[in-house]
Amino acid sequence: QVQLVESGGGLVQAGGSLRLSCAASGRTFSSYVMGWFRQAPGKEREFVAAISWSGSNTYYRDVVKGRFTISRDNAKNTVYLQMNSLKPEDTAVYYCAAGRRWDTVLSQGAYDYWGQGTQVTVSS
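Calculation notes
- Residue numbers here run from 1 along each chain, matching the order of that chain's written sequence.
- The model is predicted, so local features are restricted to residues of pLDDT at least 70 and side-chain atom pairs to those at 80 or more, both for listing and for counting; the totals for chains, interfaces and linings are taken over all residues.
- Side-chain metrics rest on all non-hydrogen atoms present in the structure, leaving aside hydrogens and water.
- Only strands that DSSP links by at least two bridges are regarded as paired with each other.
- Strands here mean DSSP runs of E at least two residues long; helices mean DSSP runs of H or I at least four residues long; both are numbered from the N terminus.
- Interaxial angle, 0 to 180 degrees, is taken between N-to-C directions of lines fitted to C-alpha atoms, where a helix line uses only the stretch in contact.
- Think of a nonpolar core as a cluster: buried Ala, Val, Leu, Ile, Met, Phe, Trp, Tyr and Cys residues, connected wherever their side-chain atoms sit within 4.5 Å.
- Note on classification: 1.4 Å probe, protein chains only; a residue is buried when its accessible area is under 20% of the maximum for its type, exposed when over 50%, partly exposed between these limits.
- Each aromatic pair joins two rings of Phe, Tyr and Trp (for Trp, the six-membered one) with centres within 6.5 Å, and gets the label stacked for planes under 30 degrees apart, edge-to-face for over 60, and tilted for any other angle.
- Whether a charge sits over a ring comes down to the Lys NZ or Arg CZ being within 6 Å of the ring centre and within 35 degrees of the ring normal.

Caption draft 1: Structural view of the sheet that holds strand β8 (residues 78-83). The strand order β1-β3-β8-β7 describes an open sheet built from four strands, whose pairing is antiparallel. Lying at the two open borders of the sheet, with one neighbouring strand each, are β1 (3-7) and β7 (68-73). Averaged over all pairs of adjacent strands, the angle between their axes in this sheet comes to 15 degrees, without regard to strand direction. Relative to strand β3 (residues 18-25), β1 is paired through five bridges, and the arrangement is antiparallel. Bridge pairing links E6 to C22 in β3.

Laid out in structure tokens, this is it:
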């Protein structure tokens, strides 16, 4: 059993930055692949970024490459999403997720646990 709690969302102007955090409870956090997804109003939930168990491998959605950085601190049971150069189209509820597989990290089905989400709003 893993519980995930996101924080760090808020309202920023275009070009600004936010750092999202996802705190996990559970004794096997380091063995999970961690991912970030987002869902905008009227749209389906979409993959944003993922990081492997060790943190040595990362994968990003094309539209966030060069702007977003995913990282993890297993000692603190926390995964982060640093978001720079934010655009209005980044506005969404951002969700943290934990899963066991790396080969299907782009799929929601790869993840077993989900946080409740944190709102990110980017104004123009």
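Structure shown, so let's carry the discussion forward.
Caption draft 2: Representation of the nonpolar core within the structure. In this structure, M34, W36, L81, M83 and Y94 are the most contacted members of the largest nonpolar core, which totals 29 residues. Of all elements in the fold, only β3, β4 (33-39), β5 (46-51), β7, β8, β9 (92-99) and β11 (118-123) reach the threshold of two or more residues within this core. If you look at the next biggest cluster of nonpolar residues, it comprises eight residues, including A50, V105, A110 and Y111.

Caption draft 3: Representation of the packing of aromatic side chains within the structure. Under the counting rule described, the total for this entry stands at six aromatic pairs. The structure contains a cluster of three or more aromatic residues connected by ring pairs, namely F37, F47, Y59, Y111 and W114. R100 extends its terminal NZ or CZ atom over the ring of Y32, reaching a point 4.0 Å from the ring centre.

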